[in-house]
Amino acid sequence: MSERYQLGDCSCLRLRKMARRVTQLYDQIMAPAGLSVTQFGLLAHAWFLKDVSVSELGEHLVMDPSTVTRNLRPLVDRGWVELKVSARDRRQREVHLTKAGATVLGEARPYWVEAQRQLRDMLGDQRATLLNDALDTALDRLLPA
């Protein structure tokens, strides 16, 4: 290998580093709510999508079903979500937000809003908007692996 790799040009590494930094920011701000941003996202999607299957939730979050299930386990253990056999397809499990889960989600929302605000302040309104637009476009154009 005589050619040196140009790691600084790697989009994947940049995106992963960015994702870790943003996750650290959100997790730090959301810590008083007792949730990570990943857990908040799962609860919010369970609330928004209503009775979504584990595989459908994975599609929305761009996660494989086993990763979704592994991330749901602490939420199930805390009584914030329930996994039930789907009435539509008995081979599928659906994610149901419990009353306690809805309460925790509501209590965590102000922390999430604050994390959103702080990120936007750090990046600036125009850059934050450009970043979100670029990410949305990339997600739309990139096909599942």
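Read on for an overview of the structure. Predicted, not measured: the structure shown is a model, and the values here were computed from it.

## Details of the packing of aromatic side chains
Summed over the entire model, instances satisfying the criterion amount to two aromatic pairs. Taking the centre distance of 5.5 Å and the plane angle of 20° together, the rings of Phe40 and Trp112 count as stacked. Note that Phe40 is positioned in helix α2 (residues 37-49) and Trp112 in helix α5 (residues 99-123), a separation of 72 residues in sequence. Measuring from ring centre to ring centre gives 6.5 Å for Trp47 and Phe48, while their planes differ by 45°; the resulting arrangement is tilted.

## A closer look at the sheet that holds strand β1 (residues 52-53)
Ordered in space as β1-β3-β2, the three strands form an open sheet in which the pairing is antiparallel. Of all the strands in the sheet, just β1 and β2 (81-85) have a single pairing partner and so form its edges. Relative to strand β3 (residues 93-97), β2 is paired through five bridges, and the arrangement is antiparallel. Directly across from Val81, in β3, lies its bridge partner Leu97. Relative to the sheet, α2 contacts β1, β2 and β3, its axis offset from that of β3 by approximately 100°.

## Details of the pattern of salt bridges
In total, this model carries six salt bridges according to the counting rule given. With a shortest N-O distance of 3.4 Å, Glu82 and Lys84 are connected by a salt bridge. Given a relative accessible area of 36%, Glu82 falls into the partly exposed group. For Asp125, the salt bridge identified is with Arg120, shortest N-O distance 3.5 Å.

## Thoughts on the pairing of β3
Bridge count for β1 against β3 is two bridges, and the pairing is antiparallel. Across the sheet, Ser53 pairs through a bridge with Glu94, a residue of β3.

## Re unusual backbone geometry
Phi angles above zero are rare outside glycine, and Lys50 is one such case at about 50°. In the Ramachandran plot, Asp51 falls in the positive-phi region, its phi being about 55° despite a non-glycine side chain. Position of Asp51 relative to the elements: it lies in the loop between α2 and β1. What makes Asp51 partly exposed here is its relative accessible area of 37%.

Rules used in this analysis
Residues numbered from 1 in each chain as written. Predicted model: local features only at pLDDT ≥ 70, side-chain atom pairs only at ≥ 80, totals over all residues. Heavy atoms only, no water. Phe/Tyr/Trp six-rings, centres within 6.5 Å; stacked < 30°, edge-to-face > 60°. Helix = DSSP H or I, 4+ residues; strand = E, 2+ residues; numbered from the N terminus. Pairing = 2+ DSSP bridges. Contact = heavy atoms within 4.5 Å. Axes fitted to C-alpha atoms, helices over the stretch in contact; angles between N-to-C directions. Salt bridge = Lys/Arg side-chain N within 4 Å of Asp/Glu carboxyl O. Buried < 20%, exposed > 50% of the residue type's maximum accessible area, 1.4 Å probe, protein only.

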